Amino acid sequence: MAPDDKNRATAAAILPLVGGAANVGSVVHCMTRLRLGLHDRTLVDEDALKALPAVMGVVDDDTYQIVLGPGTVARVTPEFEKLVEEERAAAPAATPAPAVDGRATAAGTETAAGSETAAGSAPVSAEELAAQGAEIRAARKAKNATPFKLFLRKIANIFVPLIPALIGCGIIAGLNGLLINLEWLPAVTPALAAIASGFMALIAVFVGYNTAKEFGGTPILGGAVAAIIVYAGVANIDAFGQTLSPGQGGVLGALAAAALAVYVEKWCRRWVPEALDVLVTPTLTVLISGLVTIFGLMFVAGEVSSGIGTFADWLLSHGGAGAGLLLGGFFLPLVMLGLHQALIPIHTTLIEGQGYTVLLPILAMAGAGQVGAAVAVYLRLPRNESIRRTIKSSLPAGLLGVGEPLIYGVSLPLGRPFITACVGGAFGGGFVGLFNQLGDAVGSTAIGPSGWALFPLLDGSKGLGTTVAIYAGGLIVGYVVGFAATYFFGFSKDLLAEFNVSQEPAATPVPATATAATAAPTAGTPATAPAVDPEGPAPTEPKKPVGV
């Protein structure tokens, strides 16, 4: 099958499982996920979605997110959008069915941490474990729907669309640095430097555009106000007794300037007569926001940006191992609380000011702990074929930094393995942080990728070989500690009794009338002994509550 046909087939398989085109309100994608705004989520057939070969997992959040992986999602999304438009054109009157009872949940299931199963119930399968993960996601979503966390989500939505450009320019910058160090192609390296730096020089404009769009203003006005920050002519202006410099304030200044522009624009829409709106509103929006940006926001945001860089350097140079331990260990709980989105503008500010973010390689160790924990779960549950299949299908994505299938499908519903996985991430982060403390800073020139996918984006204070070796060492430490902590401490006796049970259907007993053939085998045919489970019979007594 041709690649385009394969991507269209994937999109065609997904569309009916999310309720059809009439149920789709919006379609966007990030690095790994197809993000859908759905009118009625009760129409989603989640089990069938997860069973699709191209789907690595799903995340039920503010948008319904289907994890397809890097590269694949960028090819499937356009095909999905085409199919939505085609289906709408064919049936323009179709409307989604009303929700009856909200989102369906698996009745009677609880998380493995503190759950109690009914006496004589069937062994827990990967599907039931996934249902428990879905309940945890739903509870997390409800808990995270606070005004502050919704605000952080808006901030994240501003920067997520910029990630592909950050990655592309980051890889080109890394390649250019390698060519310069090797003294190869001296006529080409200036051109590569221009290509790699062009986007970063104007990133404030894109941030301003996305900020206005996200907060309900006119995007181009947000971009126009943010463009003031990078305009070379600001070098002729003095503010707070200092001469401004182009780019001062960076992405934080652009974000604040565009947010102010949205506020001014909305105020003008309320008070300016409609006949004058087309002339007065954009003029006042750019003028008022521009003056405040030049004579206030650029200076303040510049000080904040410098402070972030200084603090990150101080944190890792003085408390490197300890800071890495905390960042690597608590990153996934931050994700569960929705607070990780506050790190996105910090990463971008560090990349803009220093050329790379020293935080991302440390935070990436959390995924390494999950991979090690998943391998330990695989070995500790040799009789649960269903969970083992889930782990085998999710491990490749986990190695590439796509951790949702392992987190929501395996470790988090089990409870204790999620904690031991975080321990692995903590030790991996401590390893990388220690080298930062010793002067070998390890950073990433872009945000988004993790795991093995981060290798092409690595940069640091020492040579590329040293930087790659430190990051690889951190991954290995995360794998090993996550595995060891989960294997030896991740399972209680009750947890093993509940999950280490075969999911395969039991063999049908042979009727008594048919035993003659086995009692007296034909000549030359050896008698067959009954199969015996080498690990003993499955437990049949009622299961006890499982504790973390």
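Residues numbered from 1 in each chain as written. Predicted model: local features only at pLDDT ≥ 70, side-chain atom pairs only at ≥ 80, totals over all residues. Heavy atoms only, no water.

A closer look at the overall build of the protein
- Within the protein one finds 20 helices and 8 strands.
- Taking all 548 residues of the protein together, the buried fraction comes to 45%.
- Look at the contacts in the protein between residues 6 or more apart in sequence, and 74% of them connect residues 24 or more apart.
- Of the roughly 25,800 Å² of accessible surface on the protein, 67% is carried by carbon and sulfur atoms. (Helix = DSSP H or I, 4+ residues; strand = E, 2+ residues; numbered from the N terminus. Buried < 20%, exposed > 50% of the residue type's maximum accessible area, 1.4 Å probe, protein only. Contact = heavy atoms within 4.5 Å. Areas by Shrake-Rupley, 256 points an atom, 1.4 Å probe, with all protein chains shown as cover.)

Topic: the pattern of salt bridges
- By the definition in use, this model includes 9 salt bridges.
- The closest approach of N and O atoms between E46 and K50, which form a salt bridge, is 3.5 Å. With E46 and K50 both in helix 2 (residues 46-51) and 4 residues apart, the pair spans about one turn of that helix.
- You can call E46 buried: its relative accessible area is 19%.
- What makes K50 partly exposed here is its relative accessible area of 28%.
- Between D277 and R269 there is a salt bridge; the shortest N-O distance is 2.4 Å.
- Using a relative accessible area of 17% as the deciding quantity, one classes D277 as buried.
- Ionic contacts of the salt-bridge type, sharing partners, join the residues R8, E79, K82 and E86 into one network. (Salt bridge = Lys/Arg side-chain N within 4 Å of Asp/Glu carboxyl O.)

Side note on the nonpolar core
- The biggest cluster of nonpolar side chains holds 64 residues, and the ones touching the most others in it are F159, V207, V377 and Y471.
- A per-element tally of this core places helix 11 (residues 274-337) first, with 6 residues.
- Ignoring any residue separated from it by four or fewer positions in sequence, one finds Y471 in contact with P361, A364, M365, V442, S450, G451, L454, F455 and L458.
- The next biggest cluster of nonpolar side chains, apart from the first, holds 24 residues, and it includes I14, A21, L34 and L52. (Core = buried A, V, L, I, M, F, W, Y, C linked by side-chain atoms within 4.5 Å.)

With respect to the packing of helix 14 (residues 365-380) against helix 15 (residues 385-399)
- The geometry of helix 14 relative to helix 15 is characterised by a closest axis approach of 10 Å and an angle of 160 degrees between their N-to-C directions. Taken together, helix 14 and helix 15 sit at an angle that is classed as roughly antiparallel. Read as a crossing pair, helix 14 and helix 15 show a hand that is left-handed. On the side of helix 14, the interface is formed by V371, A374, V375, V377, Y378 and L379, while helix 15 contributes I387, R388, I391, K392, L395, G398 and L399.
- A breakdown of the residues in the contact of helix 14 with helix 15 according to their chemical character gives 10 nonpolar, 1 polar and 2 charged. (Axes fitted to C-alpha atoms, helices over the stretch in contact; angles between N-to-C directions. Parallel < 35°, antiparallel > 145°, perpendicular 65-115°, else oblique. Left-handed = near helix turned anticlockwise from the far one by under 90°. Nonpolar A, V, L, I, M, F, W, Y, C, P; charged D, E, K, R; others polar.)

Focus: a nonpolar patch on the surface
- Where nonpolar side chains cluster on the molecular surface, the patch consists of L175, L178, L182, W184, L185, V188 and L464 and spans about 640 Å² of accessible area.
- Residue contributions to the nonpolar patch peak at 3 residues, all from helix 6 (residues 163-182). (Patch = residues over 30% accessible without salt bridge, like charges linked within 9 Å, V, L, I, M, F, W, Y side chains within 5 Å.)

Things to note about the side chain of S289
- In this fold, S289 is placed in helix 11.
- When its relative accessible area of 0% is taken as the criterion, S289 is described as buried.
- Reaching out from S289, the side chain makes a polar contact with the backbone nitrogen of A261 at a distance of 3.5 Å.
- A polar contact of 2.8 Å, which involves the side chain of S289, links it to the backbone oxygen of T285.
- The contacts of S289, once residues within four sequence positions are left out, are V225, A257, L260, A261, V264 and L284. (Polar contact = N/O pair within 3.5 Å; in protein donor to acceptor, adjacent residues only side chain to side chain.)

Thoughts on unusual backbone geometry
- Unusually for a residue other than glycine, E183 sits at a positive phi of about 60 degrees.
- Following the sequence through the fold, E183 ends up in the loop between helix 6 and helix 7 (189-201).
- Unlike most non-glycine residues, F240 shows phi in positive territory, near 55 degrees.
- Position of F240 relative to the elements: it lies in the loop between strand 5 (238-239) and strand 6 (242-243).

Concerning the sheet that holds strand 1 (residues 24-29)
- The strand order across the open sheet formed by 4 strands is 1-2-4-3, and the pairing between neighbours is antiparallel. Of all the strands in the sheet, the pair left with one neighbour each is strand 1 and strand 3 (57-60). Across this sheet, the average inter-strand angle for adjacent strands is 20 degrees, counted without regard to direction.
- Relative to the sheet, helix 3 (residues 72-90) contacts strand 1 and strand 2 (33-38), its axis offset from that of strand 1 by approximately 160 degrees. (Pairing = 2+ DSSP bridges.)

Things to note about the pairing of strand 3
- Where burial is concerned, the two faces of strand 3 agree: the one with G57 and V59 and the one with V58 and D60 are both buried.
- Looking at chain direction, strand 3 and strand 4 (residues 64-67) are connected through 4 bridges and run antiparallel. Of the residues in strand 4, the one forming a bridge with V58 is I66.
- Remark: 3 residues form the turn of the hairpin made by strand 3 and strand 4, two consecutive strands paired antiparallel.

Side note on helix 5 (residues 147-159)
- The end-to-end C-alpha distance of helix 5 is 19 Å, a good match for the 18 Å that 13 residues give at a rise of 1.5 Å each.
- Those residues of helix 5 not exposed but buried are K149, L152, R153, I155, A156, I158 and F159. (Expected span 1.5 Å × (residues − 1).)

Focus on the side chain of Q370
- As for its position among the elements, Q370 is in helix 14.
- On the basis of relative accessibility, which here comes to 3%, the residue Q370 falls in the buried class.

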